[in-house]
Amino acid sequence: MFPGGGQPDMQQLLQQAQKMQQDLMAAQEELARTQVSGSAGGGLVTATVSGAGELLALEISPSAVDPEDTETLGDLIVAAVRDANRAALEMQSQLMGPLAQGMGGGPLGLPGL
């Protein structure tokens with residue numbers, strides 16, 4: 001039921017929608033600026049991604065490089081990137097979760113996230 005039993009105040013609804021959109025844009029910008037890292041092999045490979053999940057850097061320890069065993073190095077890289085992306089998803093959930101719930105959404109169905 002709306003206050004006074006009448007129709008919702010359209011101006012108030014528009015203001016709320018605008019604020020939510022501004023908050024959403026600010027959270028997306030923060031995610032794009034923020035960097036998180038993940039690692040594998042006890043730190044032999046470290047991946048850095050943005051909060052939005054874009055791979056920014058990959059560090060490989062020289063001791064992880066064995067020309068006779070490139071498959072293990074590949075596995076370490078994949079594991080490090082997955083670890084970094086998991087951290088980015090957690091960050092997205094923390095920043096965007098309340099905004100998505102405020103818009104009546106459950107899981108994030110937002111483009112690029």
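Parameters and conventions
- Residues numbered from 1 in each chain as written.
- Predicted model: local features only at pLDDT ≥ 70, side-chain atom pairs only at ≥ 80, totals over all residues.
- Heavy atoms only, no water.
- Core = buried A, V, L, I, M, F, W, Y, C linked by side-chain atoms within 4.5 Å.
- Buried < 20%, exposed > 50% of the residue type's maximum accessible area, 1.4 Å probe, protein only.
- Helix = DSSP H or I, 4+ residues; strand = E, 2+ residues; numbered from the N terminus.
- Contact = heavy atoms within 4.5 Å.
- Pairing = 2+ DSSP bridges.
- Axes fitted to C-alpha atoms, helices over the stretch in contact; angles between N-to-C directions.
- Expected span 1.5 Å × (residues − 1).
- Polar contact = N/O pair within 3.5 Å; in protein donor to acceptor, adjacent residues only side chain to side chain.

Chemist: Sorry if this is basic, but what is going on with the nonpolar core here?
Modeler: Nonpolar side chains tend to gather and get buried jointly when the protein is soluble and globular. Core analysis: the biggest nonpolar cluster contains 18 residues, and Val 36, Val 45, Ala 47, Val 49, Leu 76, Ala 80 and Met 96 have the highest contact counts within it. Of all elements in the fold, only helix 1 (10-33), strand 1 (35-40), strand 2 (45-50) and helix 2 (70-102) reach the threshold of two or more residues within this core. Examining the composition of this core, we find that 9 residues originate from one element, helix 2, more than from any other. Not counting the four nearest positions on each side in its chain, Val 36 is found in contact with Ala 47, Thr 48, Val 49, Ser 50, Ala 84, Ala 87, Ala 88 and Met 91.

Chemist: I would appreciate a short explanation of the sheet that holds strand 3 (residues 55-60) in the present structure.
Modeler: The strands making up a sheet are joined through hydrogen bonds of the backbone, oriented either antiparallel or parallel. Strands sit in the order 1-2-3 across an open sheet of 3 strands; the sheet is antiparallel. On the outer flanks of this sheet lie strand 1 and strand 3, each paired with one strand and no other. Direction aside, neighbouring strands of the sheet carry axes that sit 15 degrees apart on average. Two elements, strand 2 and strand 3, share 5 bridges in a ladder whose sense is antiparallel. What sits directly across from Thr 48, in strand 3, is Ala 57.

Chemist: Help me out: how do you make sense of helix 1 in this one?
Modeler: With 24 residues, helix 1 should cover 34 Å at 1.5 Å per step; its first-to-last C-alpha distance of 35 Å lies within 8% of that length. Sitting at the head of helix 1, Asp 9 places a side-chain oxygen 3.1 Å from the backbone nitrogen of Gln 11.

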